Each structure stands twice: as structure tokens, then as C-alpha cells.
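Examination of the molecular architecture
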Amino acid sequence: QQQVRQSPQSLTVWEGETAILNCSYEDSTFNYFPWYQQFPGEGPALLISISSVSDKKEDGRFTIFFNKREKKLSLHITDSQPGDSATYFCAASRAGNTRKLIFGLGTTLQVQP
Amino acid sequence: EAGVTQSPRYAVLQEGQAVSFWCDPISGHDTLYWYQQPRDQGPQLLVYFRDEAVIDNSQLPSDRFSAVRPKGTNSTLKIQSAKQGDTATYLCASSLHISYEQYFGPGTRLTVL
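Here is a short report on the structure shown in this document. Keep in mind it's a predicted model, so treat the numbers as computed, not measured. (Residues numbered from 1 in each chain as written. Chains lettered and ligands numbered in written order. Predicted model: local features only at pLDDT ≥ 70, side-chain atom pairs only at ≥ 80, totals over all residues. Heavy atoms only, no water.)

Regarding its fold elements, chain B presents zero helices and eleven strands. The order of helices and strands in chain B, counted from the N terminus, is β-β-β-β-β-β-β-β-β-β-β. Reported as C-alpha extents along the three principal axes, the dimensions of chain B are approximately 40 × 25 × 25 Å. Sequence separation of at least 24 residues holds for 54% of the intrachain contacts in chain B that already meet a minimum separation of 6. As displayed, chain B offers around 5500 Å² of accessible surface, 48% of which is attributable to carbon and sulfur atoms. For chain B, the distance from the average position of its 9 positive side-chain charges to the average position of its 11 negative side-chain charges is 7 Å. (Helix = DSSP H or I, 4+ residues; strand = E, 2+ residues; numbered from the N terminus. Contact = heavy atoms within 4.5 Å. Areas by Shrake-Rupley, 256 points an atom, 1.4 Å probe, with all protein chains shown as cover. Lys, Arg positive; Asp, Glu negative; His and termini not counted. Charge placed at Lys NZ, Arg CZ, Asp CG, Glu CD.)

Rendered as C-alpha cells:
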């Protein structure tokens, strides 16, 4: 059973639009949620992250919105650019000594010029 | 600062053959992770080390997979008697144990025929 779920599986937006990528989880012990960006043939790159004590994290055009009660978060990419076309992974980690990341299946974003 | 490096970048094997993957983490990072990423899926943790000690290898198929990090720096992941189901990209990541942030290498794409 997938512990971290992402939707949609794929998403196409026009250049300049806002892309919204969704993530949900079941385990309430998860407290750290990074988003990774992966281009074909490359490893995932850390894009932005949030801890469960915050409800919003912003970094330039990328914003995470976090709803702890509903166990949902979303990544908003404003003013999408063709260079943002990639696969985005939501991941989660539990509090404590463990540093294990559990990844979702990813959302593939295509930004049309 | 150099990132995580991995070699080889590609490997093609027949079933039953052995293969080794090598990882050089970011300098100073005491924690090293090996992930398996099947095509069109998210990375899945196989094993991780803090210094030279294995912290978690619960997802490592121990009958055919082994991983070592003898001096707490570089690491080797080995597959004995590869199977077609092992076809995937093998990713190495590193971090400081006090941080949740993991940094990934480019991966080794393995194809088992």
C-alpha cells in the first residue's frame, strides 16, 4: 500500500499558468515533507521542503501548502516555465533518529510554451 | 562543492551475472543511502549507513544484494546473480545525520536481459 500518494499522475499547463501538484499521506507520525524535481537521466534534486509545524513554505515560484488535519499538501508552481517540465516527487519522513524518506509515485509536469 | 558521484552510469547484464555500483558521497556527509527506482516510480530505499554502520537494511534483498561502506566514506552496492526484475535505476544519496535533506547522485541505470 502506497504510504504517500500523489495526484495527478501527469499534468499539462501552459507557460505562465500555475501548476498544482497534490500529495497525501496516512501516517500521522510523518513530520517532514520534501519535494524533489527529477529530469530524465538525472537523479532527484531537492526543490523545497516543509515540516509539519508549518502550513506554508515559499521559495520563489514554488510554494508548499500543508494541511496537517487532512494529511494533505500541495506544491504550487506559479508562472510555469517550459524548463519546469519534469517529474515531481513528494516524500515523507518520520520524527526521530530515522532519516528514511518514503516517496510517492510522482507527477509528470509538462509546460507548453 | 562536488555533488554525489556514481559509477558506472549504465550497465547491461544477462540474468545470473553480477554487478557492482560505486558511490562517492558529498564530502563531510556521514549518512549514505542506496535507493532503487524502477521505471515510472519513485525511489525506494534499499539500505542506509551512518558512517560505516548499517542503520537500516530491511528492504535489501539479502540473498542477492549486499552493500558496504568500510571507511565511512565511499560505498559499494553489489547484486549477485541479477534478475530481470532488478532492472531499475540505482540511486545513491548522502546527508548529514542531523539533517533531513538528502542529496542524490545521477544514478546507475541497470538493464538485466
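Residue serine 7 of chain A is joined to proline 8 of chain A through a cis peptide bond whose omega torsion reads -10°. Locating proline 8 of chain A in the fold gives a position in the loop between β1 (4–7) and β2 (10–14). For the peptide bond that leads from serine 7 of chain B to proline 8 of chain B, omega is -10°, which places it in the cis range. One can find proline 8 of chain B in the loop between β1 (5–7) and β2 (10–13). For serine 81 of chain B, which is not glycine, the phi torsion reads 50° and is therefore positive. Mapping serine 81 of chain B onto the fold places it in the loop between β8 (75–79) and β9 (88–95). You can call serine 81 of chain B partly exposed: its relative accessible area is 38%. (Buried < 20%, exposed > 50% of the residue type's maximum accessible area, 1.4 Å probe, protein only.)

So, about the packing of aromatic side chains. Within this structure, the stated rule accounts for 15 aromatic pairs over all chains. Between the aromatic rings of tyrosine 32 of chain A and tyrosine 100 of chain B, the centroid separation amounts to 4.6 Å while the plane-to-plane angle is 20°, which identifies the pairing as stacked. Residue tyrosine 32 of chain A is found in strand β4 (residues 30–38), and its partner tyrosine 100 of chain B is found in the loop between β9 and β10 (103–104); the two belong to separate chains. In this pair, the class of tyrosine 32 of chain A matches that of tyrosine 100 of chain B, namely buried. For the ring pair tyrosine 33 of chain B and tyrosine 48 of chain B, a centre distance of 5.1 Å and an interplane angle of 20° mean the geometry is stacked. Taken as a pair, tyrosine 33 of chain B in strand β4 (residues 31–37) and tyrosine 48 of chain B in strand β5 (residues 44–50) lie far apart in primary sequence, 15 residues in all. The class for tyrosine 48 of chain B is buried, based on a relative accessible area of 2%. Through a chain of ring-to-ring contacts, the aromatic side chains of Tyr36, Phe89 and Phe103 of chain A together with Tyr33, Tyr35, Tyr48 and Phe104 of chain B assemble into a single cluster. (Phe/Tyr/Trp six-rings, centres within 6.5 Å; stacked < 30°, edge-to-face > 60°.)

Residues and elements named next belong to chain A. One finds Trp35, Leu73, Leu75 and Tyr88 to be the most contacted residues of the largest nonpolar core, which totals 26 residues. Of all the secondary-structure elements, those providing two or more residues to this core are β2, β3 (19–25), β4, β5 (45–51), β7 (62–67), β8 (72–77), β9 (86–94) and β11 (107–112). Apart from the residues within four sequence positions on either side, leucine 75 is in contact with Ala19, Ile20, Leu21, Trp35, Leu47, Ile48, Phe62, Thr63, Ile64 and Tyr88. (Core = buried A, V, L, I, M, F, W, Y, C linked by side-chain atoms within 4.5 Å.)

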